[in-house]
Amino acid sequence: MTTIRELRVLPPLAIGRLGAATEPMDNYTAETDPDQPLAPRRLRPAPTLRVDPATGAITGADTPERLRFTDGHGKVRPVAPFLEVWALTDDDVLRPLTVDLLEANDLTPDDVQWRVRVGNHKIQRRTYDDDDRIDADTEWFSDHTAHVLMGLCANFLDDKFLPLGHARYVKPTPEFPGIRLRFTPAGGHVYGSAYTDRPTDPDPNVVDFLYDATRGKWRGHADQPGDPRLTIPAQIYAGDDGPDGSWVSRGYLDDECDGLVHVKLEVLGRELSAFGRIGAGPPAYAPDSVPIRTVADELDQALFGPRATDRDGLEHARAVAEEVLRRATETVRLMNTEVMNGNTVDGRVDAASTMVRQDTADTGRLYEPIMAPSLVDAGAVLALHQHVLAALRSGTAPWFADVLRDHDEVGDLTAKGRRKMPALMRGADGRSLALTRRQVDLVRLAARQAIFRQAGDETRGPR
Amino acid sequence: MSDDRIDPLNLTAQLNHTAAGNPPSTLPESAISNAYPGLEFDIRTIWRRLLVGIELHEADNYVVDAQPEHQGLIGRRLISVGDHDVIGPVVGPTRPGAGSAPLTSAGNPDGVMMLEWSNSLADVLADHVGRTVPCLFTADAAPNPVGKPAQLPDPRFQVVELEVRPLFARSAATGERLAVIAEDVAGPGELTSGLCSPWQNDYRECACYYWAASRPDYVNVEDTGAGTTTGNHWFAKDREPREYVLDNRDDSRLVSYDDLFRDWQGELRFIVGGDDAPEHLEADPEGR
Amino acid sequence: MRSRVHRHLASVVPELFADLPPAMATLSVAGALDAEGERPVLPPEFNWRDYTVMLLHVAAEIEHSLMVQYLFAAYSMGGPQVPEELRDDVRRWQEIILGIAKEEMGHLVTVQNLLTALGGPMNLDREDYPWGSDFYPFAFSLRPLSARSLATYVVAESPETWSGPEAEAIKEVAADTAGQYVNRVGALYGRIDSVLKNKDFLPDELFHAETLPYQASWDEWGRGYTRGQRGQEAGNVPDVASPQLLVFGVFSRDSARKALHEIGEQGEAPDVDEQDETSHFNRFLGIYRALAGLPPEQQALVARRVAENPVTAHRLNEVEAADRAAAEVTTSPITDPFTALWGHLFNLRYRMLLTDIAHAFRLAGPLDNGGVLTGRGALVHRAFAEMYNLRAVAGRLVELPLERDVPDGLRAGPTFEMPYSLELPHHDHDCWLLQRDLVQASRLLVDQLVDTDPASARDPYLIALRESDQRALEQIEHVLGRKGCTR
C-alpha cells in the first residue's frame, strides 16, 4: 500500500486573470518555433479541460481548433487555473492525489476538504483603516458546487459584497480521477462608493456602488505628501485633482484579489493539510511574450540564493542566458524604443513618460536620452537583439554578461550606467531595472565557461 | 494530471508545475516582477517581514511597524543587514559634458537610494535564515533617505540583532522547504494590496518602461522606406493612420481612463506576434 | 604593404630604401624629417593635406591588422582540452585579449573620424596575408595563442625604453617566431602629428567641424564600455577590467591631435610603467609571464590546435615569403569542403561588417537629441550584429577540421580574408543594393552548407542566421522601394 504522508498544492502560486466572458480561456502552449527561433513564441491550442457547470466534473479535454481570447462579443475570457493536490507517499515520491490513491488509503473524494481565503486590501493599504479590508472565506467544503468568493468589508453598504470570482472542487471521474480545485476569477468590474447621508451622482464608470462613503474614508481620500508609509509611487488610484496638488480618490475598487487555497485530509487518524496561493490580475495582453524579470525569477532567487551554485550546470546557465535575451527581444518588439529613450520626437522634448523623465524628476539628473538618439529606432534595436540571440545559439559565450547591470549599480545614472542592460526600463526600486542577481550570475557562469565546450557536447560542464 | 512523479526535493519543478489544463499565463513566469508596483502581484511585499519583529515598507528601507519589543524602530531606516547594504549611491551628471557627482537634494541630502529587497537581501536570506543578524538602523526616525556613515560606531546609528524569517513554508513530514510562500509572510490580500486601485489606472498611467511584454506599447510595427519603423500605440482607438501617438491621457485618439473603467474588455486588444490578434478584428469588423 | 602605398613611405622610413637605386634614395631623403628633426618634408606627388590622408590610411590599416590578429588569437583559446585548473586563467586571458582587440577597433574608427574631418576617403581596407608591413614590427600573421605568438604582441606594443634581461629574452622569442623586430608605429604617428600641428601645412579651415554628425561617436559605438576612465571590472570574467573604448570626434586641429595622442598612448605605454595596467603592452606582458611560467605541455593546452593563416582560396601548397620579414609566413588552405564553406561565410560576414561601418558613415545621425531618425542606427547595430556573427562563425571554425579526410588534424580557425573591394557605390540607393547582394550571398552560402552536410539543416545557428537574414532583406527591400529615392 502507498501511504499518503503529506499533501502539496501545485502549482504553489497560480495566477487567474480577469474577464467577464462565461467560458474560461482555452489552454494553450507558447513555445519557440525551432525553425524560426527569432520569431515570437508560437501559441498553439492545447488540451482544454471543460468543467460541466451542473456537476462540476470534467467532461472532456479536447484541443480547440483555434485560440480565442475573447467571446467575440467584447468580453475577455477569464483565465481560471486548476490547482492540483499532490501527495508525498511513503516511498518518497510526489504523485498526483487521485481517487485510486485515496482508495488505497481507505478514503474517498468526499474526505477531501477545501477552504479558500482571498482578500483585496488595496483600500486599507491607502487609508490604513482595517475596516477597509475586503476579505472572502468559503469555510471548509467538500462538495462540487461553485463557491462564490464574497468579499466582505466592514465599510460596505448594507448587504453589499464584492464578488471575487468563485472556487470549485472539481468532481473526480474515472477519466479525470485527479483531486483538483478550479479558481475562476472575477469579471473585471469597477465598483464605486456611495454616500448614505446624501445623494450620490450616478457614475457610468462603475457597475455598482458597494462602499459606504459616509462611513469609510476611501472616497475623498488623498495620499498625504511626506508620509513615508505611502505606496511607492503614491497616488496610484482613480482620482481627481484636489487642492494643493492633492489627488482625491473617487472611491473606486476593483475585483482583483489574492489569497490561499487550503486542502485537508485525515489519513490514518492524522490530519494532513497543505495550501497553495492564488491571485487574480489583468489578462496577459501579449500572451506570446514573457517579461524580462518575473515572479518566478524572484522566487527562484529566494529559494536558491543570489549566486549560481554547483547544482547549476553550464547548460542550465546557457539556457538562462538565452531566455533572458529572448525575453529582452520580446520586450523590445513591443516598445517604442525611440520614445522610451527620451529622444526629441517631432520637435517635442521630454515627449512621454520615460525613465529619462523619471531620472530627472526624482534626482535632478540632466535630462538627456539614454542611448545615442540615432541608434534607437525600434526595428533596428529589435534586429540587434535578434542577431545576438542568433549568435548565442551558435554556442558562443553570452558576452553581453559584461553589460548587464548589477543590482547595486541602479543608482549609477552616468551615461555608461544608464546604458547597461536591461536599459530604458524601470525596476522595483524606481531606478533602472536590474535582473535578479541569480539571473546575472547564471549568465556570467555561461560567459565564463562556454569556450571550453565542444560542439555537440551537451554534458554538464564543470564550473 | 500532467506528470506522474516529481522529486519532492525538486522545488523548481514544483514551482513551475503546469497543472493539466493550465495555460502559461497561470504560471509565476507570466507575472512581471520589476514591480512598480506590478500587474499580478506586488511581489516586493514578501520581504516586509523578513526580519522578525519589524515590518518594512515593501519599497523603502523604512520601518512601518514593529512588535512591542521593537516599537522604537518604527519610523527609522534600515541601512545594512550583516555585510549587505540595502542602500546605494545615486550619481550622475547635472549638465551636458559634466562629470558625475552625487545627486543630492533637500529631501535626499546624502544622495542615496534604497536597493530593492529581492536583490539586496538575497544573501541575508540565503546565509542567515533562522538565525540573528546585526542590522544597522538610524538611531532616530528618518522620513528622508540617509546614507551610511563612513565609520562605525556612530551615535546617529544603532545596531539591532534581528532574526531572519524563512520566506517559504516547510514540510510537516520532512522538515524540508516547500515551494510555497509561507503563510505568515503574506496573508490573503497582501500580495495585491499595493497595486493600483483599480488596476486600470496602472494600464493608463504607467508607460511601457515597466512592462512592455505584459502591457504592450508599440504594435502593428512595419518598416519604412527610411530604414526605420512606424506602428500604433496600443491605446490608439484607430489603427489607421499607422503612426505612433505619443502617450497622453488627454489625447482623444487614445483610450482614456474612463474608457478603461467602463469597457476595458472592449477597448484593449490582445497582441500576438506584435500585431493585433485577428479575433478582435473579427469580433468588430467595422474597426473603430 | 601594397606597393602603391609602399613607394611613398620613404618619407617616414627612409631606411627601407637605403639599398635601392640612388634615385629612390634621393626621394626618401627628400621626404624625411629635416635636420632639426622637427619639420617634415613633403614627398613628391603630394600636397600636405593629401599626404596626411595617405598617412592616415596607413594608420588605419595597421590598427585594422592588429585587431584581426588579436581576435584570431583570442578566438583560438579554449576547448575541452584546457585543464580544469587553467580554465579561469584562460578565460581571463581571452577576455583581456578580446578587450585589446575592441580597443583597436576604437582606434580604427577614430582614424576614420580623422579622415572624415579632413574630407578624405575613409579606409577600412587592409592587405591580405601573408603580408609584410613597413610599420607593423612583424609580418601580419594569424596565429593561435601561444607564448611565442604572445611574445610578438608584447614586443610590438612595447615602449622604446623597454630593456633588461626579460625584455631581451622576450625579444629573442619574438624574433625567433616572426623575424627581426623594428617598431615604426611610433614613427608613423609622430609624422602625422608633426604635419597636423603645423598651420602652414594644414590651415584651420581644413578641419571640417560640420562632419561631426557623420563621424562615429562613443555614444554610438562605445556600447557601454568605459570611456576615458580606468576600466572597471567587467562582468564576463572576474578581475578583468572592461576595455576602454576610445572613439573621438574630430572637429579641429587640436581635437585631431588629441585623438591621435590618446590612441597612441593606449597602444604602447610611452614609458615602462609596471603599474599602468591599461596599456596593451602591460596587459600582454602579464599574460606572457603567466603563460610562459607554465610547463610546456600545459602551455600547449590553452588554445585549440588551430592552423596559422587559414585561407579559403584553393592555392594549394602555396608558400609565400613575406615581403621583408625574415621569418616566412605561410597560409593554410582549408581543404575540407564543409569547413571551407564556413570560411566563406566568415569572410562574407566580415565584409558585411566593414560595409556596414562604411555605410553608416554616409548617413548623419540626428543633430540634437532627436530629429528624424535615419537608417544609420540600423547600420550601426548591424555592424555590431556582424561582430557577434563573426564570433559565432569563428567558434565553428576553431572546431572544424582544416583538411579534407584528416578529422584529427589541425582545426581551421577564422579566415579574415578581405573582399575584392570595399568601395561603396556613389548613390545611397546603390549602397542598399550592395547590402542586399551581401545578404543574398549569405543565404546562398547557408543553402550550400545545408546541401553539403544535411545535418546543418538542424544547426540552431544557421537556422537563426537564415531568419535574421530574411528579416534584414525585408528591411532593405523597404528602403529600396522608397518612393522618390534619389539615384
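Residues numbered from 1 in each chain as written. Chains lettered and ligands numbered in written order. Predicted model: local features only at pLDDT ≥ 70, side-chain atom pairs only at ≥ 80, totals over all residues. Heavy atoms only, no water.

Student: Now, about the overall build of chain B: what can you tell me, with residues and values included?
Tutor: Per the secondary structure count, chain B includes six helices and 16 strands. With 288 residues in all, chain B has 62% of them scored as buried. Contacts spanning at least 24 positions in sequence make up 49% of the contacts within chain B whose residues lie at least 6 apart. Within the structure as shown, chain B displays about 10,400 Å² of accessible surface, and the carbon and sulfur contribution to it stands at 47%. (Helix = DSSP H or I, 4+ residues; strand = E, 2+ residues; numbered from the N terminus. Buried < 20%, exposed > 50% of the residue type's maximum accessible area, 1.4 Å probe, protein only. Contact = heavy atoms within 4.5 Å. Areas by Shrake-Rupley, 256 points an atom, 1.4 Å probe, with all protein chains shown as cover.)

Student: Residues and numbers for the overall build of chain C, please.
Tutor: On a plain count of helices and strands, chain C comes out with 15 helices and four strands. Surface summary for chain C: the accessible area is close to 18,800 Å², and the carbon and sulfur share equals 53%.

Student: Can you explain a nonpolar patch on the surface? Please cite residues and give values.
Tutor: Taken together, the side chains of A:Val148, A:Met150, A:Leu152 and A:Phe161 make up a nonpolar region of the molecular surface, amounting to roughly 330 Å² of accessible area. Relative to the elements of secondary structure, A:Val148 occurs in strand β11 (residues 146-151). (Patch = residues over 30% accessible without salt bridge, like charges linked within 9 Å, V, L, I, M, F, W, Y side chains within 5 Å. Salt bridge = Lys/Arg side-chain N within 4 Å of Asp/Glu carboxyl O.)

Student: Please provide a residue-by-residue account of the sheet that holds strand β3 (residues 78-81) of chain B, values included.
Tutor: Strand pairing in a sheet is mediated by backbone hydrogen bonds. Such pairs are either parallel or antiparallel. All names here are of chain B. Spatial strand order, β4-β3-β9-β10: four strands in an open sheet with antiparallel pairing. Edge positions in the open sheet fall to β4 (84-85) and β10 (157-163), since each of these has one partner strand only. Bridge count for strand β9 (residues 132-138) against β10 is seven bridges, and the pairing is antiparallel. By the bridge assignment, Cys135 is partnered in β10 with Val160. (Pairing = 2+ DSSP bridges.)

Student: Summarise the interface of chain B and chain A; cite the residues concerned and give the values.
Tutor: Each partner contributes to the interface: chain B provides 135 residues, whereas chain A provides 157 residues. Summing both sides of the interface, chain B and chain A together bury roughly 12,500 Å²; the carbon and sulfur share of this comes to 60%. Our count for the chain B to chain A interface comes out at nine salt bridges. Summed over the shared surface of chain B and chain A, the result is 71 residue pairs in polar contact (both at pLDDT 80 or more). Residue contributions to the side of chain B that touches chain A peak at seven residues, all from helix α5 (residues 257-267) of chain B. Split into classes, the residues belonging to the side of chain B that touches chain A amount to 75 nonpolar, 37 polar and 23 charged. (Buried area = accessible area lost by both parts, 1.4 Å probe. Polar contact = N/O pair within 3.5 Å; in protein donor to acceptor, adjacent residues only side chain to side chain. Nonpolar A, V, L, I, M, F, W, Y, C, P; charged D, E, K, R; others polar.)

Student: Could you give me a rundown of the nonpolar core, with the residues and numbers involved?
Tutor: One broad trend across soluble globular proteins is that nonpolar side chains are buried collectively. Membership of the largest hydrophobic core comes to 275 residues, with the highest contact counts inside it found for A:Leu97, A:Trp114 and C:Trp342. A per-element tally of this core places helix α3 (residues 48-76) of chain C first, with 19 residues. Counting 54 residues, the second-largest nonpolar core is a separate cluster that includes B:Leu15, B:Val81, B:Ala169 and B:Val180. (Core = buried A, V, L, I, M, F, W, Y, C linked by side-chain atoms within 4.5 Å.)

Student: Describe the interface of chain C and chain A, and please don't skip the residues or the numbers.
Tutor: Opposite the 58 residues of chain C that make contact, chain A presents 49 residues. Across the chain C to chain A interface the summed buried area is about 4,600 Å²; carbon plus sulfur atoms make up 57%. Run the count over chain C and chain A and you get one salt bridge. Among the salt bridges present, the one from C:Asp219 reaches A:Arg419, with a minimum N-O distance of 2.7 Å. One can count eleven residue pairs in polar contact (both at pLDDT 80 or more) joining chain C with chain A. Those elements that provide at least two residues to the side of chain C that touches chain A are α4 (87-118), α8 (218-221), α13 (376-397) and α15 (460-480) of chain C. If one sorts the elements of the side of chain C that touches chain A by residue count, α13(C) sits on top with 13 residues. Here the residues of the side of chain C that touches chain A are counted per class, giving 21 nonpolar, 18 polar and 19 charged.

Student: Which residues make up the packing of helix α4 (residues 314-333) of chain A against helix α9 (residues 437-449) of chain A, and what values go with them?
Tutor: Residues and elements named next belong to chain A. Between α4 and α9, the least distance of the axes is 8 Å, while the angle of their chain directions is 115 degrees. Remark: the crossing between α4 and α9 carries left-handed chirality. Seen from α4, the contacting residues are Leu314, His316, Ala317, Arg318, Val320, Ala321, Val324 and Arg327; seen from α9, they are Arg438, Gln439, Leu442, Val443, Leu445, Ala446 and Gln449. Tallied by class, residues from the contact of α4 with α9 come to nine nonpolar, three polar and three charged. (Axes fitted to C-alpha atoms, helices over the stretch in contact; angles between N-to-C directions. Left-handed = near helix turned anticlockwise from the far one by under 90°.)

Student: Quick one: what's the story with the sheet that holds strand β18 (residues 253-254) of chain A, residue by residue and with numbers?
Tutor: Residues and elements named next belong to chain A. Strands sit in the order β15-β14-β18 across an open sheet of three strands; the sheet is mixed. Whereas interior strands pair on both sides, the edge strands pair on one side only; in this sheet they are β15 (209-212) and β18. For strand β14 (residues 190-194) and β18, the ladder comprises two bridges, and the chain directions are antiparallel. Looking at the pairing, Tyr191 lines up with Leu253 of β18.

Student: Lay out the environment of A:Val207 in plain terms, naming residues and giving numbers.
Tutor: Residues and elements named next belong to chain A. Tracing the sequence through the fold places Val207 in the loop between β14 and β15. When its relative accessible area of 51% is taken as the criterion, Val207 is described as exposed. The residues contacting Val207, other than those within four sequence positions of it, are His189, Val190 and Tyr191.

Student: Any chance you could break down the pattern of salt bridges for me, citing the residues and the numbers?
Tutor: This structure, assessed with the given rule, holds 82 salt bridges over all chains. The partner of A:Lys160 in a salt bridge is A:Asp208, and the shortest N-O contact between them spans 3.1 Å. Taken together, the positions of A:Lys160 in the loop between β11 and β12 (162-170) and A:Asp208 in the loop between β14 and β15 put the pair 48 residues apart, joining distant regions of the chain. The partly exposed category is assigned to A:Lys160, whose relative accessible area is 31%. Here B:Arg48 and B:Glu55 are joined by a salt bridge, their closest N and O atoms 3.5 Å apart. Both residues of the pair, B:Arg48 and B:Glu55, belong to the buried class. Taken together, the salt bridges that share partners define one network made up of A:Arg41, A:Asp297, A:Glu323, A:Arg327, A:Glu330 and B:Glu29.

Student: Any chance you could break down the packing of aromatic side chains for me, citing the residues and the numbers?
Tutor: In this structure the tally under the stated criterion is 26 aromatic pairs over all chains. Arranged with centres 4.7 Å apart and planes meeting at 15 degrees, the rings of A:Phe69 and B:Phe270 form a pair that is stacked. A residue pair is termed interchain when its members come from two chains, as with A:Phe69 in the loop between β6 (58-60) and β7 (82-89) and B:Phe270 in the loop between α5 and β15 (271-272). Taking the relative accessible area as the measure of exposure, A:Phe69 reaches 5% and is therefore buried. Given a relative accessible area of 5%, B:Phe270 falls into the buried group. For the pair C:Phe346 and C:Phe416, a centre-to-centre distance of 4.8 Å together with 80 degrees between the ring planes defines the contact as edge-to-face. Note that C:Phe346 is positioned in helix α12 (residues 337-362) and C:Phe416 in the loop between α13 and α14 (428-452), a separation of 70 residues in sequence. Judged by its relative accessible area of 0%, C:Phe346 falls in the buried class. (Phe/Tyr/Trp six-rings, centres within 6.5 Å; stacked < 30°, edge-to-face > 60°.)

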